[in-house]
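Single-letter residue listing:
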Amino acid sequence: MNEQQAGDSLPDQEHHEGGFRPMSELINAHDEQDADITRGGPHYGEFIEQVRSLMDRVRLASPSDELALETIGVLKQLNDKLDAAIVDEWSTPVWTRFDLPARGNITLPPFMIDHADASGVDARVTFRTFHLGGNNAAHGGQVAIGFDDLLGMAAAVHAGAVTRTASLTVDYRSITPLNTELTVRAWAERQEGRKVFVRATLHDGDRLCAEARGLFIVLKPGQA
């Protein structure tokens, strides 16, 4: 499914249904040979990786006054340049870049989807230095962000519809390490009308780091 074929499955300012409408359609298109992953261009992945690397460094940086002032100047220049590339949220590459970790969305811990259908979502996620909570462990809030996105994906593909988070509960069972590839399994337990009840686990090998349960609501047509 390329962008033209996707047609109405892609959101715009007038018809976006909460910003999640294309999720199930784009997941289904992920394995299609003609899936369009050209938004942002061929260098978009490296662009995002360099931004993530900057975030990692800033998380632990304690710059001198000289370095801070120099970096501020460089970042101001870079921000001025990036102003020319700003698009509305419905036109960002993250709607279609399933070839990149977390679809190129820097607000999410980077993950790659191995499998996604109505039975559930299997993914690999790595919490980086930017996601540090303390003592070389991922911040619990960052773990919740990862769960929320992947549970939403599981709810959407199970229901075949757009969903929004109604509730999310995370139980932290052990330390979630940084810079280690972890596995996530997210699935829908059941659906009752517009309510989709979901579960997920996060593992480091055989060790359970955290688990989550949530309730997602299928949106009505045109509902935000």
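What you are looking at is a predicted structure, and each value in this text was computed from that prediction instead of being measured.

K.L.:
Looking at this structure, how should I read a nonpolar patch on the surface?
P.N.:
On the surface, a nonpolar cluster with roughly 460 Å² of combined accessible area is contributed by Phe47, Leu54, Val58, Leu75, Leu78 and Leu82. Topologically, Leu75 is positioned in helix H4 (residues 65-82).

K.L.:
Looking at this structure, I do not really get the confidence of the model for the chain. What am I missing?
P.N.:
The predicted coordinates should not be examined in detail at positions where pLDDT is low. Confidence in the prediction for the chain averages 89 pLDDT; 83% of positions are at 70 or higher. Predicted confidence is poor over residues 1-8, with pLDDT under 50, and the contacts of this stretch with residues over four places away or in other chains come to 16 contacts.

K.L.:
What is the right way to read the nonpolar core from this model?
P.N.:
The nonpolar side chains of a soluble globular protein tend to be buried with one another. Ranked by size, the top nonpolar core spans 34 residues in total, and within it Phe111, Val121, Phe127, Phe147, Leu150, Leu151 and Leu202 carry the most contacts. Of all the secondary-structure elements, those providing two or more residues to this core are strand E1 (111-117), strand E2 (120-126), helix H5 (140-159), strand E6 (181-192), strand E7 (195-204) and strand E8 (207-218). Top element by residues in this core is H5. It accounts for 9 residues.

K.L.:
Explain the sheet that holds strand E5 (residues 163-172) here, please?
P.N.:
Ordered by their spatial adjacency, 6 strands build an open sheet running E1-E2-E6-E7-E8-E5, and the pairing between neighbours is antiparallel. Pairing within the sheet leaves two strands with one partner each, and these edge strands are E1 and E5. For this sheet, the mean inter-axis angle between neighbouring strands, taken without regard to orientation, is 20°. Strand contacts of H5: E1, E2, E5, E6, E7 and E8, with the helix running at about 135° to E5, the strand carrying the most contacts.

K.L.:
Explanation requested: the pattern of salt bridges in the structure shown.
P.N.:
Once the charged atoms of two side chains with opposite charge are near each other, the side chains can pair. Counted by the stated rule, this structure contains 14 salt bridges. Asp56 serves as the salt-bridge partner of Arg128, at 2.7 Å between the closest nitrogen and oxygen. Separated by 72 residues along the polypeptide, Arg128 in the loop between E2 and strand E3 (132-134) and Asp56 in helix H3 (residues 44-60) bring together distant segments of the chain. Across the pair, Asp56 and Arg128 agree in class, each one buried. With a shortest N-O distance of 2.8 Å, Glu211 and Arg173 are connected by a salt bridge. Here Arg173 lies in the loop between E5 and E6 and Glu211 lies in strand E8, a separation of 38 residues in the sequence.

K.L.:
Just checking my understanding: could you explain unusual backbone geometry for this structure?
P.N.:
Outside of glycine, negative phi angles account for most residues, and trans bonds account for most peptide bonds. Located in the positive-phi region is Arg103, a residue other than glycine, with phi close to 60°. Looking at where Arg103 falls in the secondary structure, it is placed in the loop between H4 and E1. Taking relative accessible area as the criterion, Arg103 reaches 8% and is therefore assigned buried. The phi angle at Asn135 is positive, at roughly 55°, despite the residue not being glycine. Considering the arrangement of structural elements, one finds Asn135 in the loop between E3 and strand E4 (137-138).

K.L.:
Honestly, the environment of Ala118 in this entry has me stumped. Any pointers?
P.N.:
Note that Ala118 resides in the loop between E1 and E2. Classification of Ala118 by relative accessible area gives partly exposed; the value is 44%. The spacing of Ala118 and Trp187 is 69 residues in sequence and 8.1 Å in space, taken between C-alpha atoms. When sequence neighbours within four positions are dropped, the list of residues in contact with Ala118 reads Val157 and His158.

Rules of the game
Residues numbered from 1 in each chain as written. Predicted model: local features only at pLDDT ≥ 70, side-chain atom pairs only at ≥ 80, totals over all residues. Heavy atoms only, no water. Patch = residues over 30% accessible without salt bridge, like charges linked within 9 Å, V, L, I, M, F, W, Y side chains within 5 Å. Areas by Shrake-Rupley, 256 points an atom, 1.4 Å probe, with all protein chains shown as cover. Salt bridge = Lys/Arg side-chain N within 4 Å of Asp/Glu carboxyl O. Helix = DSSP H or I, 4+ residues; strand = E, 2+ residues; numbered from the N terminus. pLDDT = per-residue confidence, 0-100. Contact = heavy atoms within 4.5 Å. Core = buried A, V, L, I, M, F, W, Y, C linked by side-chain atoms within 4.5 Å. Buried < 20%, exposed > 50% of the residue type's maximum accessible area, 1.4 Å probe, protein only. Pairing = 2+ DSSP bridges. Axes fitted to C-alpha atoms, helices over the stretch in contact; angles between N-to-C directions.

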